[in-house]
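Structural overview for review
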Amino acid sequence: MPELPEVETIKRGLAKTIIGKKIAGFDSDWKKMINRPLPEYKKIVAGQEIKAVERRAKMLIIDLTGDWRLWFHLKLTGQLVFSGKKKKVVGGHPIKEGFEKDPNRFTHATFTFTDGSHLYFNDVRKFGWVRLYRSGELKEKLEAMKLGPEPLAAGFTLSVFKERLKKKPNNKIKVFLMDPQNIVGLGNIYSDEVCFFARVRPDRPVKSLKENEIKLLFQGIKKILTEAIKYEGTSFSDYVNALGEAGAYTKKLKVYQRFGQKCFRCGGTVKRMKLGGRTSHFCPSCQK
Ligand SMILES: [Zn+2]
């Protein structure tokens, strides 16, 4: 699933590309992807202009004129492809056909703009969605999710992090980091990387963390997410030539999916374990 850096990368790519474009039409062949009957959905979006592209947690929000908002979640295998005459922006799950052919057999929703360009929502497993709400309704929906703070916002300080940790003393640290009600945006990849950075085993209970470890975890969150955005995440980004390549941060990963390989820091062997239903990677020699 795309995590914060990947969704932020798509957001930036789309913001540079689609703001100001006017929607000419919409179509979808998958009822569960949208939250209104198709004819109604089509009628509402037709003629609307894109005002802004935003991100909250791992979700994208597109502001339309007339107080409407499109709310996207890519879930496990969703991919967004903007396709214009000269430019292509691809983000989300690496679906090869998304680069080579659009629309393709994984395309389940399509926005067509008045200049002939398109925004395609491709999804292999079809868990993703693009819902349409009035801005007030969307605000309520987001509030009901009780999301934690955005980790890169200025308001997310060490003391906020400590307060959050205090509420979940028995959580394993990786499980804590991945729960969006504690902090948003960290999934399996970046929670492993943050634990590695802080030299903390991912299965340590929160209450066992020492002051300096908490500080390192906090610094790790800010540093790793910022860097991953700079390198456009570990999935995909903005490609003029529409060639699929992994986001450059893939090469920067220190521990994630390095099972059995040598630890870059201490030379130990990277191990893995199941935690909260996910596979966690860590180095038992230098993560205590
Ligand atoms: Zn190590």
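Residues numbered from 1 in each chain as written. Predicted model: local features only at pLDDT ≥ 70, side-chain atom pairs only at ≥ 80, totals over all residues. Heavy atoms only, no water.

To continue, consider the coordination of the zinc ion. Coordination of the zinc ion by the protein involves Cys263 (SG), Cys266 (SG), Cys283 (SG) and Cys286 (SG), with metal-donor separations of 2.2 to 2.3 Å. Along the chain, the residues donating to the zinc ion are arranged with the sequence spacing C-x2-C-x16-C-x2-C. Here the residue Cys266 occupies a position in the loop between helix H8 (211-230) and strand S10 (271-275), and Cys283 occupies one in the segment after strand S11 (278-282), the gap between them amounting to 17 residues. Under the relative-accessibility criterion, Cys266 is labelled partly exposed at 39%. (Donors = N, O, S within 2.8 Å, 3.2 Å for Na, K, Ca; no water. Helix = DSSP H or I, 4+ residues; strand = E, 2+ residues; numbered from the N terminus. Buried < 20%, exposed > 50% of the residue type's maximum accessible area, 1.4 Å probe, protein only.)

Okay, the domain arrangement of the protein next. What the domain assignment reports for the protein is domain 1 (4-144) and domain 2 (158-282). Of note, the centres of domain 1 and domain 2, computed from C-alpha atoms alone, are 28 Å apart. (Domains from an automatic or database assignment.)

So, about a nonpolar patch on the surface. Judged by side-chain polarity, Met1, Leu76 and Phe127 come together as a nonpolar surface patch covering roughly 270 Å² of accessible area. Residue placement: Met1 occurs in the segment before helix H1 (4-18). With relative accessibility at 44%, the residue Met1 sits in the partly exposed group. (Patch = residues over 30% accessible without salt bridge, like charges linked within 9 Å, V, L, I, M, F, W, Y side chains within 5 Å. Areas by Shrake-Rupley, 256 points an atom, 1.4 Å probe, with all protein chains shown as cover. Salt bridge = Lys/Arg side-chain N within 4 Å of Asp/Glu carboxyl O.)

Bringing the packing of helix H7 (residues 188-197) against H8 into the picture now. H8 packs onto H7 with a crossing angle of 130° between their chain directions and a minimal axis gap of 8 Å. In terms of orientation, H7 lies oblique with respect to H8. The two elements H7 and H8 cross, and the hand of that crossing is right-handed. In contact with Tyr190, Glu193, Val194, Cys195 and Phe197 of H7, H8 contributes Leu216, Leu217, Gln219, Gly220, Ile221, Lys223, Ile224, Leu225 and Ala228. When its residues are assigned to classes, the contact of H7 with H8 shows ten nonpolar, two polar and two charged. (Axes fitted to C-alpha atoms, helices over the stretch in contact; angles between N-to-C directions. Parallel < 35°, antiparallel > 145°, perpendicular 65-115°, else oblique. Left-handed = near helix turned anticlockwise from the far one by under 90°. Contact = heavy atoms within 4.5 Å. Nonpolar A, V, L, I, M, F, W, Y, C, P; charged D, E, K, R; others polar.)

Another point: the sheet that holds strand S6 (residues 88-92). Reading across from one edge, S1-S7-S8-S5-S6 is the order of the five strands in this open sheet, with antiparallel pairing throughout. If you trace the sheet from one side to the other, it starts and ends with strand S1 (23-28) and S6, each paired once. Each neighbouring strand pair of the sheet contributes to a mean axis angle of 10°, computed without reference to strand direction. Alignment of strand S5 (residues 78-83) against S6, held across five bridges, turns out to be antiparallel. (Pairing = 2+ DSSP bridges.)

Before going further, it helps to spend a moment on the sheet that holds strand S4 (residues 68-73). Two orientations exist for strands paired in a sheet by backbone hydrogen bonds: parallel and antiparallel. Across the sheet, four strands lie side by side as S2-S3-S4-S9; this open sheet has antiparallel pairing. Where the open sheet ends on each side, the last strands, each with one partner, are strand S2 (50-56) and strand S9 (129-134). Neighbour-to-neighbour, the strand axes of the sheet open up by a mean angle of 20°, direction not taken into account. By the bridge criterion, six bridges tie S2 to strand S3 (residues 59-64) in an arrangement that is antiparallel. Among the inter-strand pairings, Val53 is bridged to a residue of S3, identified as Ile62. Along the sheet, H1 makes contact with S2 and S3, crossing S2 at roughly 170°. Of the strands in this sheet, S3, S4 and S9 are in contact with helix H2 (residues 38-45), which crosses S9 at around 65°.

Here the largest pocket defines a volume of roughly 460 Å³. Lining the largest pocket are 22 residues, with Met1, Pro2, Glu3, Ile189 and Tyr256 positioned closest to its centre. Of the residues assigned to the lining of the largest pocket, the class counts are nine nonpolar, nine polar and four charged. Among the domains, domain 1 (4-144) and domain 2 (158-282) are the pair contributing at least three residues each to the lining of the largest pocket. For the second largest pocket, the calculated volume is near 150 Å³. As for the second largest pocket, its lining consists of Glu193, Phe196, Phe197, Lys223, Ile224, Glu227, Tyr249, Lys252, Lys254 and Arg265. (1 Å grid on protein atoms, 1.4 Å probe; cavity = no way out; pocket = protein on both sides within 12 Å on 5 of 7 lines; lining within 4 Å. Points joined across faces, edges and corners; volume = space filled by probe spheres on them.)

Here the focus is the packing of helix H5 (residues 158-167) against H8. When two helices pack together, their arrangement is given by the angle between the helix axes and by the axis-to-axis distance. In contact at an axis separation of 10 Å, H5 and H8 are set at 115° when each is read in the N-to-C sense. Accordingly, the angle class assigned to the pair H5 and H8 is roughly perpendicular. Viewed along their axes, H5 and H8 form a crossing whose handedness is right-handed. Contacts from Leu158, Phe161, Lys162 and Leu165 of H5 reach H8 at Glu211, Ile214, Lys215, Leu217, Phe218 and Ile221. Among the residues forming the contact of H5 with H8, the class breakdown is seven nonpolar, no polar and three charged.

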